[in-house]
Amino acid sequence: MSQLKAQLRRDGFTFKQFFVAHDRCAMKVGTDGILLGAWAPVAGVKRILDIGSGSGLLALMLAQRTDESVTIDAVELDPEAAEQAGENLMESPWAGRTAIHCADILRWAPEQTARFDLIVSNPPYYESGVACGTVQRQQARSTDTLSHEALLACAAQLISEEGFFCVVLPESAGSNFITKATEMGWFLRLRTDVADNDGRLPHRLLLALSPKAGECFSDRMVIRGPDQRYSDDYTALTRAFYLFM
């Protein structure tokens, strides 16, 4: 049985320390979310926000990576996904310090007084007009209901002075996202270009933005080596989560 099949049960994904059910979510557990959850910098953070939480994957990964003093809020617009995320959080070892909010981030953000040291999002990136099958999937994947400008503006309202806003995006969308962010006063501080293997061009960007200027650190990662096994870098990044690493 393959690693993927072994980790899939009850229409969800089994990690080393938690299970993510996702049958009621438009977006399933995938490599993009796993990359972001394992990569986002957590040193020194006290409050974390997951925008567009879906199944709650990122909130759960970040809970595993942080100590019991760190609180994590997750905001999800779709009621069914929010309900399932809430169940996933409640069944995890970190139920006491994670919370799901079924809300539109555009309305939720202005009501908050607290600031977050880390904000993460696996955001929509398809432009208007790209068919996605269902209304829920359209909402999760298309920028119709949450443009990148609006997402950046919300994050700017909620980020702490020393905080990071981290996203994962396709390479082309990510390049445009950097341009928009820079125009809005953000500074790119961390960037990892992700390729399937050494023979492929990068297809995903992991980005960490900050309201504070500073040096930008960039690197490259391949997911699989020449033998099609996970690369050493990807294994090191995700070993704490995958069952059979």
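Further up the page is the structure itself.
In this report, we go over the structure that sits alongside the text. (Residues numbered from 1 in each chain as written. Predicted model: local features only at pLDDT ≥ 70, side-chain atom pairs only at ≥ 80, totals over all residues. Heavy atoms only, no water.)

With respect to the overall build of the protein chain
Across its full length, the protein chain carries 9 helices and 10 strands. A total of 245 residues make up the protein chain; the buried ones form 49% of that total. For the protein chain, the accessible area works out to roughly 11500 Å², and carbon and sulfur atoms hold 51% of it. (Helix = DSSP H or I, 4+ residues; strand = E, 2+ residues; numbered from the N terminus. Buried < 20%, exposed > 50% of the residue type's maximum accessible area, 1.4 Å probe, protein only. Areas by Shrake-Rupley, 256 points an atom, 1.4 Å probe, with all protein chains shown as cover.)

Notes on the environment of phenylalanine 19
Relative to the helices and strands, phenylalanine 19 resides in strand E2 (residues 19–21). Judged by relative accessible area, which is 12%, phenylalanine 19 ranks as buried. Expressed as a C-alpha distance, the spacing of phenylalanine 19 and serine 92, which sit 73 residues apart in the sequence, is 7.5 Å.

Quick word on the sheet that holds strand E3 (residues 47–51)
If you trace the 8 strands from one edge of the open sheet to the other, you get E5-E4-E3-E6-E7-E9-E8-E10, paired in mixed fashion. In this open sheet, the two edge strands, each paired with only one partner strand, are strand E5 (98–102) and strand E10 (217–222). For this sheet, the mean inter-axis angle between neighbouring strands, taken without regard to orientation, is 15 degrees. Direction of pairing for strand E7 (residues 159–170) relative to strand E9 (residues 204–210): antiparallel, over a ladder of 6 bridges. Bridge pairing in E9 links cysteine 166 to alanine 208. Seen against the sheet, helix H2 (residues 31–39) touches strand E6 (116–121), E7, strand E8 (187–195), E9 and E10 and runs at an angle of roughly 35 degrees to E9. In this fold helix H7 (residues 148–158) packs onto E3, E6, E7 and E9, with an angle of close to 155 degrees to the strand it touches most, E7. (Pairing = 2+ DSSP bridges. Axes fitted to C-alpha atoms, helices over the stretch in contact; angles between N-to-C directions. Contact = heavy atoms within 4.5 Å.)

A short note on the pattern of salt bridges
Evaluation of the coordinates by the stated rule reveals 10 salt bridges. For glutamate 162, the salt bridge goes to lysine 212, with nearest N and O atoms at 2.8 Å. Here the residue glutamate 162 occupies a position in strand E7, and lysine 212 occupies one in the loop between E9 and E10, the gap between them amounting to 50 residues. (Salt bridge = Lys/Arg side-chain N within 4 Å of Asp/Glu carboxyl O.)

Focus: the packing of aromatic side chains
Tallying each qualifying case throughout the model produces 10 aromatic pairs. A ring pair is formed by phenylalanine 165 and phenylalanine 177, whose centres lie 6.4 Å apart and whose planes are at 55 degrees; its orientation type is tilted. Of this pair, phenylalanine 165 sits in strand E7 while phenylalanine 177 is found in helix H8 (residues 171–183), placing the two residues 12 residues apart along the sequence. By relative accessible area, which is 0% here, phenylalanine 177 ends up buried. With a centroid separation of 4.9 Å and an interplanar angle of 45 degrees, the aromatic rings of tyrosine 230 and tyrosine 234 are classed as tilted. What links up through ring pairs into an aromatic cluster is the set Phe13, Phe15, Phe18, Trp94, Tyr230, Tyr234 and Tyr242. (Phe/Tyr/Trp six-rings, centres within 6.5 Å; stacked < 30°, edge-to-face > 60°.)

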